[in-house]
Amino acid sequence: IKNWRVLIYGKPGVGKTTAVRQLNGKTLVLDLDDSSKVLSGADNIDAQPFDRTKPMAEMNDFVTHLKNIIKDYDNLVVDNISAFEKDWFVEQGRKSTNGIGNELQDYSKWTNYFARVMTTIFMDADLNVLVTAWENTRDITAASGQTFSQYAPAIRDSVRDSLLGLTDVVGRVVVNPKTDGRGVILEGTDAIFAKNRLDNRKIVPINELFNFGNQEKQSKQED
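What you see is a predicted model, and the numbers here were worked out from it, not measured in a lab. (Residues numbered from 1 in each chain as written. Predicted model: local features only at pLDDT ≥ 70, side-chain atom pairs only at ≥ 80, totals over all residues. Heavy atoms only, no water.)

J.: Which residues make up the overall build of the protein chain, and what values go with them?
T.: Of the regular secondary structure elements, the protein chain holds 6 helices and 11 strands. Taken over the C-alpha trace, the protein chain has a radius of gyration of 18 Å; the compact-globule value for 223 residues is 17 Å, and the two agree within 12%. In terms of principal-axis extent, the alpha carbons of the protein chain reach across some 65 × 50 × 35 Å. By residue count, 48% of the 223 residues in the protein chain fall in the buried class. One finds the centroid of the 28 positive side-chain charges in the protein chain at a distance of 1 Å from the centroid of its 31 negative side-chain charges. (Helix = DSSP H or I, 4+ residues; strand = E, 2+ residues; numbered from the N terminus. Rg over C-alpha atoms; globule rule 2.2 N^0.38 Å. Buried < 20%, exposed > 50% of the residue type's maximum accessible area, 1.4 Å probe, protein only. Lys, Arg positive; Asp, Glu negative; His and termini not counted. Charge placed at Lys NZ, Arg CZ, Asp CG, Glu CD.)

Written out as structure tokens, the structure is:
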């Protein structure tokens, strides 16, 4: 399976960025939160620097030259959009009347801006795209009318659902406290937002996450 769109989310330090080492082929990391240091020494991974003090100009430049930047790569990693959202609002706050707080129009501006950026990356990038995010909880109401607190990627509600609709796979990265092993939950529940359109796996070790479709090929061979 090629040209997949995957988003993984979890607490800081659970191994989202480190998982990039498991990608096959040559990878470019758009380093939005200065976490690419954990990837140093990997021959097949390059980090694209990103000035967090001017996130809008940096992202505009990246998207404008996207096709040329990624032409020699098999994978693009956008790491991480929660940090980008935070930095974007800080930048807008500096431009506000009081130089600190955000103004009402900033929120609708973010919704439109983020949708354009991610749609461009997802639609124009002819390679695999992995997006990472922190996690938070949101309140959802089930068909029964019962309200649940659900883990989901930590970005504003106004952009989250449209982004998740563009992805093939959304997984929550978790750590087994007994073994310290990392896993990715790919099946959604009332408590966890997740989905997997690429194969039938529901939870996988993080080092096997990107082997999409392999288990289906294996089962056919066994038959």
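J.: How would you explain the layout of surface pockets if you had to name every residue and give the values?
T.: Unoccupied space between atoms shows up once a probe the size of one water molecule is rolled over them. In this model, the second largest pocket occupies a volume close to 160 Å³. Every residue lining the second largest pocket is counted, 13 residues in all, and those nearest its centre are Pro-12, Gly-13, Lys-16, Thr-17 and Ser-35. The residue makeup of the lining of the second largest pocket, split by class, is 4 nonpolar, 6 polar and 3 charged. (1 Å grid on protein atoms, 1.4 Å probe; cavity = no way out; pocket = protein on both sides within 12 Å on 5 of 7 lines; lining within 4 Å. Points joined across faces, edges and corners; volume = space filled by probe spheres on them. Nonpolar A, V, L, I, M, F, W, Y, C, P; charged D, E, K, R; others polar.)

J.: Give me the pattern of salt bridges: which residues, what numbers.
T.: In a structure, side chains of opposite charge can pair up when their charged atoms sit close to one another. A complete count under the given rule lists 9 salt bridges for this structure. Close ionic contact of Lys-71 with Asp-72 constitutes a salt bridge, the shortest N to O distance being 3.5 Å. Note on Asp-72: relative accessible area 51%, which makes it exposed. Taking the shortest distance from any N to any O, the salt bridge between Arg-160 and Asp-157 comes out at 2.0 Å. Here the residue Arg-160 and the residue Asp-157 both occupy positions in helix α5 (residues 157–166), the gap between them amounting to 3 residues, near one helical turn. Since its relative accessible area comes to 2%, Arg-160 is described here as buried. A relative accessible area of 53% places Asp-157 in the exposed class. (Salt bridge = Lys/Arg side-chain N within 4 Å of Asp/Glu carboxyl O.)

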